[in-house]
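The primary structure of each chain is shown beneath.
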Amino acid sequence: MSTDLLIKVLSKCPLFAGLTSDEIALVLADLDYRQVRFANHDVYTLAGMPCKWADIILSGILICRMSSVSGKQVEVSRLRPGNLVAPAFIFAKDKAMPVSVETSGEVVVLRLKPETLQRLLGVHEVIRMNFIRVLSNIDVFLTKKMRVLSLLTIREKVAYMLLEQAGEQGTDTVLLHQSRQAIADSFGIQKFSLLRVLSDLEKEGIIQIKGKEIKILDRRRLSL
């Protein structure tokens, strides 16, 4: 990836929020980094392995999954360009990754050593505050995720997902970017259970399904 394209991607990275392209270029000029490529369906890391690097995704998607003793997998999150990989574990005493991470398509990351990131945080106040903000947002995300996975019924999980997507996309006609199986995995439920709930909601006139598009017809009843 060229330097210009690299700067363009990093300008959308939360770690560099508030910095101009010229300021990011100056940071990169003093930074010891390299670009690392992974092929489609490569294993980035396995659960239990230590977090050794401070990586920022430049292109592609990383899928994070957590496995139970029985082998059942739950998709925890998808990391996209601009995201840091496991920032909460970079400086942790216990660096063991709680999830396995696999690529979806070719992935390129900007790789830093933890000590390099530490020096960067020590020198740049804006980047240091951005890193703290990233950690805080992760805490909020995980709290919500735990609530969805542990406390909500399957119907409530589906309703939560649809309303959240509607809010993010700014429309009541939600375009699902994941397959039904991937959505079921993210909730830790069977695909059949997801399809049954969607079918019930459509029969009740709460939603309308057209392939990957789901139109919310009655927000009030969906949120009950």
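Details of the structure are given in the entry above.
Sequence order as written defines residue numbering, which begins from 1 separately in each chain. Note on the predicted model: pLDDT of at least 70 is required for a residue's local features to be given, and 80 or more for side-chain atom pairs to be given and counted; whole-chain, interface and lining totals, by contrast, use all residues. Side-chain metrics in this entry use all non-hydrogen atoms of the structure; hydrogen atoms and water are not considered.

(A) Inspection of the pairing of strand β3 (residues 54–67) at higher detail. Most of β3 is tucked away, with 10 of its 14 residues classed as buried. Pairing analysis gives 10 bridges linking β3 to strand β5 (residues 100–112), with the strands arranged antiparallel. Of the residues in β5, the one forming a bridge with R65 is S100. Any two strands between which DSSP finds at least two bridges are classified as paired. To qualify as a helix, a DSSP run of H or I must reach at least 4 residues; to qualify as a strand, a run of E must reach at least 2; elements of each kind are numbered from the N terminus. In terms of strand pairing, β3 meets strand β4 (residues 73–79) through six bridges, oriented antiparallel. The residue bridging I63 from the neighbouring strand is R78, located in β4. Categorising residues by exposure relies on relative accessible area from a 1.4 Å probe, with only protein chains included: less than 20% of the type maximum marks a residue as buried, more than 50% marks it as exposed, and the intermediate range marks it as partly exposed.

(B) Seen up close, the pairing of strand β7 (residues 207–210). Pairing of β7 with strand β8 (residues 213–216) involves four bridges; the strand directions are antiparallel. In the strand pairing of β8, I209 is matched with I214.

(C) Representation of the pattern of salt bridges within the structure. Salt bridge, as used here, is a side-chain nitrogen of Lys or Arg placed within 4 Å of a carboxyl oxygen of Asp or Glu. Taken as a whole, this structure holds six salt bridges when the rule is applied. Between D55 and R111 there is a salt bridge, and its shortest N-O distance comes to 2.7 Å. A residue pair is termed long-range when its members are at least 10 positions apart, and D55 in strand β3 and R111 in strand β5 qualify at 56 residues. Classification of D55 as buried rests on a relative accessible area of 0%. For R111, a relative accessible area of 12% translates into the label buried. In this structure, R219 and D172 form a salt bridge, with 2.9 Å as the shortest nitrogen-oxygen distance. Placement of the pair is R219 in helix α9 (residues 219–222) and D172 in the loop between α6 (154–169) and β6 (173–175), with a sequence separation of 47 residues.

(D) Representation of the nonpolar core in the model. Residues L10, L15 and F16 are the most contacted members of the largest nonpolar core, which totals 41 residues. Counting residues per element, the ones that place at least two in this core are α1 (3–10), α2 (21–29), β1 (34–38), β3, β4, β5, α4 (114–123) and α5 (125–151). Buried Ala, Val, Leu, Ile, Met, Phe, Trp, Tyr and Cys residues that are joined via side-chain atoms within 4.5 Å together make up what is termed a nonpolar core. Grouped together as the second largest cluster of nonpolar side chains are 22 residues, L162, V197, I214 and L222 included.

(E) A look at the state of the cysteines. Throughout, a disulfide means two cysteine sulfur atoms within 2.5 Å of one another. Applying the stated criterion to the full structure yields zero disulfides. Its sulfur unpaired, C51 is 11 Å from the next cysteine sulfur, which belongs to C64.

(F) Expanded view of unusual backbone geometry. A positive phi is found at H41, a non-glycine position, where the angle reads about 65 degrees. With respect to the secondary-structure elements, H41 resides in the loop between β1 and β2 (43–45). On the basis of relative accessibility, which here comes to 54%, the residue H41 falls in the exposed class. The phi angle at A86 is positive, at roughly 50 degrees, despite the residue not being glycine.

(G) Main features of the packing of α1 against α2. For helices, the fitted line uses only the C-alpha atoms of the stretch in contact; every axis is such a line through C-alpha atoms, and the angle between N-to-C directions lies from 0 to 180 degrees. Viewed as axis vectors pointing N to C, α1 and α2 meet at an angle of 115 degrees, and their least axial separation amounts to 10 Å. The angle between α1 and α2 places the two elements in the roughly perpendicular class. In the crossing of α1 with α2, the sense of the turn from one axis to the other is right-handed. Only S21, I24, A25 and L28 of α2 make contact with α1, whose side of the interface consists of L6, I7 and L10. Each residue is assigned to one class: nonpolar for Ala, Val, Leu, Ile, Met, Phe, Trp, Tyr, Cys and Pro, charged for Asp, Glu, Lys and Arg, and polar for all the others, Gly among them. Among the residues making up the contact of α1 with α2, the classes are represented as six nonpolar, one polar and no charged. Roughly parallel means an angle under 35 degrees; roughly antiparallel, over 145; roughly perpendicular, 65 to 115; everything else is oblique. Helix crossings are classified by the rotation of the near helix relative to the far one: an anticlockwise turn of less than a right angle makes the crossing left-handed, while a clockwise turn makes it right-handed. Every residue pair with non-hydrogen atoms within 4.5 Å of one another is taken to be in contact.

(H) A look at α4. Those residues of α4 that sit buried are P114, T116, L117, L120 and L121. Along the axis of α4, the buried residues cluster in a sector spanning 160 degrees; they form a single face. Counted as exposed and oriented over 90 degrees from the buried face of α4: Q118, R119, G122 and V123. Directions from the helix axis toward the C-beta atoms define the arc.

Scope: geometric values only; no functional claims are made or implied.
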